[in-house]
Amino acid sequence: MEEKQRKRYSEGSSNQREKLTMSLTSRIAAIVNDPLFRLKATGQALLNQNDGYHILMAIHEHGEQAVQIEMAKQIAEKEGISFTEAARKASFYIEYSVMTSNGDGYGKSTRNGLNNK
């Protein structure tokens, strides 16, 4: 890659990461500060389950490797990151979807652990 292209890729990647970080930060702040969040959480959890369903169905229909590659391509493009970075994220999403579909997620136990302190 020429230096000019490398610089453009690096700048684009950095800008995308800043947008995602700010977006995540603002979303977490909204969760923490919203007194009505308990009511909204159910709808948001359904969106999460819907995405997990599509990941599981894609694995069923196309196989894990094809899903991993396709998801990594989409993540890399959307977030402006390298394919290698995107592949790590895709692995996490796939693993988490499979784990939670088997009842092996950490959400409930984490919340219960904090509530019992």
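A. Examining the packing of aromatic side chains more closely. Scanning the entire structure with this criterion turns up two aromatic pairs. Put simply, the rings of Phe92, Tyr93 and Tyr96 touch in pairs and so form one group of aromatic residues.

B. Looking closely at the nonpolar core. Ranked by size, the top nonpolar core spans eleven residues in total: Ile55, Val67, Met71, Ala72, Ile75, Ala76, Ile81, Ala86, Ala87, Ala90 and Ile94. Broken down by secondary-structure element, the contributors of at least two residues to this core are helix 3 (64–79) and helix 4 (83–101). No other element matches helix 3, which puts five residues into this core. Apart from the residues within four sequence positions on either side, isoleucine 94 is in contact with Ile55, Ile59, Val67, Gln68 and Met71.

C. Region of interest: the side chain of serine 97. Relative to the assigned elements, serine 97 resides in helix 4. Given a relative accessible area of 8%, serine 97 falls into the buried group. Apart from the residues lying within four places of it in its own chain, the contact partners of serine 97 are Gly52, Ile55 and Leu56.

D. Representation of helix 4 in the model. Counted at 1.5 Å a residue, the expected span for helix 4 with its 19 residues is 27 Å, and the 26 Å between its end C-alpha atoms agrees. Along helix 4, the residues that are buried comprise Ala86, Ala87, Ala90, Ile94 and Ser97. All buried residues of helix 4 lie within an arc of 100° about the axis, which places them on one face of the element. Looking at helix 4, the residues exposed on the side facing more than 90 degrees away from the buried face are Thr84, Arg88 and Phe92. Of the residues one or two after helix 4, glycine 103 is the one with positive phi, at around 80°.

E. Spatial organisation of a nonpolar patch on the surface. On the surface, Ile28, Ile31 and Val32 cluster together into a nonpolar patch covering about 280 Å² of accessible area. Checked against the element boundaries, isoleucine 28 lands in helix 1 (residues 3–33). For isoleucine 28, a relative accessible area of 45% corresponds to the partly exposed category.

F. Broad picture of the pattern of salt bridges. One pass over the structure, following the stated rule, counts one salt bridge. The partner of lysine 89 in a salt bridge is glutamate 79, with the nearest N and O atoms 2.5 Å apart. Residue lysine 89 is located in helix 4, and its partner glutamate 79 is located in helix 3; the two are separated by ten residues in the primary sequence.

Definitions and cut-offs
Residues numbered from 1 in each chain as written. Predicted model: local features only at pLDDT ≥ 70, side-chain atom pairs only at ≥ 80, totals over all residues. Heavy atoms only, no water. Phe/Tyr/Trp six-rings, centres within 6.5 Å; stacked < 30°, edge-to-face > 60°. Core = buried A, V, L, I, M, F, W, Y, C linked by side-chain atoms within 4.5 Å. Buried < 20%, exposed > 50% of the residue type's maximum accessible area, 1.4 Å probe, protein only. Helix = DSSP H or I, 4+ residues; strand = E, 2+ residues; numbered from the N terminus. Contact = heavy atoms within 4.5 Å. Expected span 1.5 Å × (residues − 1). Arc of directions from axis to C-beta. Patch = residues over 30% accessible without salt bridge, like charges linked within 9 Å, V, L, I, M, F, W, Y side chains within 5 Å. Areas by Shrake-Rupley, 256 points an atom, 1.4 Å probe, with all protein chains shown as cover. Salt bridge = Lys/Arg side-chain N within 4 Å of Asp/Glu carboxyl O.

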